[in-house]
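# Understanding the architecture of this molecule
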Amino acid sequence: MPKAGQAGAAGVAGVAELTAPQVEWGACPKDAESDSGTAETKAPETGAATGAETGAETGAEKAPKQAPGGGAEKAPGKATAAEPASPGVECASVRVPLDYRDPWGQTVKIALNRVKGSASRDHNHLGSLLVNPGGPGASGRDLAEYVAAVLPEKLAARYDIVGFDPRGVGASEPAITCVEAARFYAPPRPDAVPRTQGDESVLVSRAREYAARCGNLWAWFLPHVNTENAARDMDMIRAALGEPRISFLGYSYGTYLGAAYATFFPDKVKRLVLDSAVDPRGIWYRANLAQDRGFERRHRAFLGWTAEHNQVYRLGRTLKQTEFAWYAMRSRLRERPAGGVVGPSELDDLFTVGGYTDAVWPRLAQAWSRYVRKGEAKALTQAWKEYGEQDTEDENGYAVYLSVQCRDAVWPRSWSVWRADMIRLHRMAPFMTWPNAWYNAPCAFWSVPGGTPPRIQGSDELPPILMMQAKDDAATPYAGSLNMRGLFPTARMVVVPGGNHGVSLAGNRCADRHLAAYLTDGSVPRSTVFCEAAASPRATTRMAAERRSGGQSQERLTELISR
């Protein structure tokens, strides 16, 4: 594949301009599910340099399970409509090259949705704002609706807010899935923290089998699922929308995708918001080790908060006491899962959510307290079903996550390297080290070798860039965001205290004021801005989660960007 940002990217930009007509928007399917919801695969379709599609393509249509023997030719870059719709939201799809070294060859389909701005196209409209929640493997279509709903009304009216499912995700075709989710996630799963060589062997086999299953099912697709191609797909979307330049709001991994796009196509960027930035120097093995340390700090912050509210939860007056109580609960669940379903690995999944957002701390502490002090298994199982239970959509996201990360960069192929690193790090960061290792472990056995990550870099052609970052973010640590900022001389940063993952459009008025100013006229602060902290979560004895059904919500944003 051509080196990032050189002739290959330029050539692809030319292909995008030549092959992408206007998008044909239509109604969204009420139950938009990809045909690839099973573990069966289908081959891509063959593209053509000319010709437009006629007729609508619905998400409800079932594709053949074998390679198609013929059929209508599909032009890469041609966007087609779906039908019938959700009110106020339009849907479409765009075909992109499977392999950008062969832009006129086989194609895959990228699903789009749009909340159209009401402002006049003559002078007041600001074009399209493409959004991505990260992952990799997360769908951007729900995020588009969220952003449209919570941006200031007058500003939202000036943008067409466009979400997309990256290749392999959700309603894009094909959608990668490797195993039957119900069986793979059946609780209680093996404890992620191995106590014996036998425990470790079970977990290694589980990772190896997942990698083999993906490799067997998707051998034709996996070599082409990576960040570089996702960024090139974004430019095909831009061209299909008829935009000379595009604006982008990316969270978490979406910041790396946005940075890659800015590296490849700097002259196509109008506005670029990078919220909770990935460290471009740690792709991807080292980034996960940094996460382990970050989540340890966040988990200890939660345990400290629980101790501060001992009068409510009765789990210990000090951090040392609540830490002992939490790990004692985890050990007990290994022997006797709560409700027969919440074992130690399910507990890890549940409390990891608290590392992303402190909005759920009261709910987690109350479930924990009721289980420990009153023996109510139902409290834990209900919380796990709400925040931790995984389904077919999660398995699709996981499959794409691995497909991208395992392909983007080289991973250690010797399990002894992983073991040594995890044993060392577990001593300092026991909360996340082993669970995170097993989440990523299929990359040690992936059928497609890792490549060379794109060389992220700024350019004189780029406009000012706005970065948003929480100081104690565990998923994308602050130090890594500074590395990202250092690569883009035009970038300016807004920093908020605390560790919630995702800053903009989560209720911080200071951060949102800077976002609105930037999206309106491109203005950024002269230097780094430090916003005030939000209020600490309020301890409560009520089990009902204090969720807001509308408007801005840190919890809702977390749900969208940390799937």
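These figures come from a predicted structure and were not determined experimentally.

## Comments concerning the state of the cysteines
For the structure on display, the rule yields four disulfides. Two residues, Cys 28 and Cys 91, share a disulfide whose sulfurs are 2.0 Å apart. Taking the sign of the S-S torsion, about 95° here, the bridge from Cys 28 to Cys 91 comes out right-handed. Residue Cys 28 is located in the loop between β1 (26-27) and β2 (45-46), and its partner Cys 91 is located in strand β4 (residues 90-97); the two are separated by 63 residues in the primary sequence. Each disulfide pairs two cysteine sulfurs, and for Cys 510 the partner residue is Cys 531, the sulfurs being separated by 2.0 Å.

## Some words on the pattern of salt bridges
Inspection of every chain in the model, using the stated rule, returns 23 salt bridges. Notably, a salt bridge pairs Arg 114 with Glu 90, separated by 2.7 Å at the nearest N-O pair. One end of the pair, Arg 114, is in strand β5 (residues 106-115); the other, Glu 90, is in strand β4, with 24 residues separating them in the sequence. Looking at Glu 90, the relative accessible area reads 25%, which means it is partly exposed. One salt bridge in this structure joins Arg 334 and Asp 199, with 3.0 Å as the shortest N-O distance. Taken together, the positions of Arg 334 in helix α10 (residues 319-335) and Asp 199 in helix α5 (residues 197-217) put the pair 135 residues apart, joining distant regions of the chain. Each of the salt bridges in this network shares a partner with another, and the network as a whole consists of Asp 191, Asp 199, Arg 330, Arg 334 and Asp 348.

## So, the pairing of strand β10 (residues 465-470)
Of all the six residues making up β10, six are buried; the element is thus mostly covered by neighbouring parts of the structure. Alternating positions in β10 separate into two faces, Ile 465, Met 467 and Gln 469 on one and Leu 466, Met 468 and Ala 470 on the other, with burial throughout. Where β10 lies against strand β11 (residues 491-496), six bridges are found, and the strand directions are parallel. The residue bridging Met 468 from the neighbouring strand is Val 494, located in β11. For the crossover from β10 across helix α17 (residues 478-486) to β11, the handedness is right-handed.

## Here we look at the confidence of the model for the protein chain
Averaged over the protein chain, the pLDDT score is 88; the fraction of residues at 70 or greater is 84%. In the predicted structure, residues 81-85 sits below a pLDDT of 50 and forms 24 contacts with residues beyond four places in sequence or in another chain. Confidence drops under pLDDT 50 across residues 544-551; counting only partners more than four residues distant or on other chains, this segment forms 12 contacts.

## A few points about unusual backbone geometry
Outside of glycine, negative phi angles account for most residues, and trans bonds account for most peptide bonds. Going from Gly 135 to Pro 136, the amide bond is cis rather than trans, its omega being -5°. Position of Pro 136 relative to the elements: it lies in the loop between β6 (128-132) and α2 (141-150). Cis geometry marks the peptide bond from Glu 173 to Pro 174, where omega comes out at 0°. Unlike most non-glycine residues, Ser 252 shows phi in positive territory, near 55°. Mapping Ser 252 onto the fold places it in the loop between β8 (246-251) and α7 (253-264). Although it is not a glycine, Leu 505 adopts a positive phi angle of roughly 60°. With respect to the secondary-structure elements, Leu 505 resides in the loop between β11 and α18 (509-521). Residue classification places Leu 505 among the buried residues on the basis of a relative accessible area of 2%.

## Thoughts on the packing of aromatic side chains
Evaluation of the coordinates by the stated rule reveals 32 aromatic pairs. Relative to Tyr 398, the ring of Tyr 210 has its centre 5.1 Å away and its plane inclined at 45°; by these criteria the two rings are tilted. In this pair, Tyr 210 sits in helix α5 while Tyr 398 sits in helix α14 (residues 392-408), placing the two residues 188 residues apart along the sequence. Residue Tyr 210 is classed as buried on the basis of its relative accessible area, which comes to 2%. When the centroid spacing of 5.8 Å and the interplanar angle of 55° are considered together, the rings of Phe 302 and Phe 351 count as tilted.

## Description of the environment of Trp 368
Position of Trp 368 among the secondary structure elements: in helix α12 (residues 361-374). Here Trp 368 falls in the buried class, since its relative accessible area comes to 0%. Through-space distance from the C-alpha of Trp 368 to that of Ala 383 is 9.5 Å; in sequence the pair is 15 residues apart. Ignoring anything within four residues of it in the chain, the contact list for Trp 368 reads Phe 302, Leu 303, Thr 306, Leu 315, Thr 322, Ala 325, Trp 326, Met 329, Phe 351 and Leu 380.

## Here's the deal with helix α6 (residues 227-240)
Between its first and last C-alpha, α6 extends 20 Å over 14 residues, near the 20 Å set by a 1.5 Å rise per residue. The element α6 is extensively covered by neighbouring structure, given that 14 of its 14 residues are classed as buried. Following α6 by one or two positions, Gly 242 has its phi on the positive side, about 75°.

## Structural notes on the side chain of Arg 238
Take Arg 238: it is sitting in helix α6. Only 2.6 Å separates the side chain of Arg 238 from the backbone oxygen of Glu 243, close enough to count as a polar contact.

Parameters at a glance
Residues numbered from 1 in each chain as written. Predicted model: local features only at pLDDT ≥ 70, side-chain atom pairs only at ≥ 80, totals over all residues. Heavy atoms only, no water. Disulfide = S-S within 2.5 Å. Helix = DSSP H or I, 4+ residues; strand = E, 2+ residues; numbered from the N terminus. Salt bridge = Lys/Arg side-chain N within 4 Å of Asp/Glu carboxyl O. Buried < 20%, exposed > 50% of the residue type's maximum accessible area, 1.4 Å probe, protein only. Pairing = 2+ DSSP bridges. Right-handed = clockwise from strand over helix to strand, strands pointing away. pLDDT = per-residue confidence, 0-100. Contact = heavy atoms within 4.5 Å. Phe/Tyr/Trp six-rings, centres within 6.5 Å; stacked < 30°, edge-to-face > 60°. Expected span 1.5 Å × (residues − 1). Polar contact = N/O pair within 3.5 Å; in protein donor to acceptor, adjacent residues only side chain to side chain.

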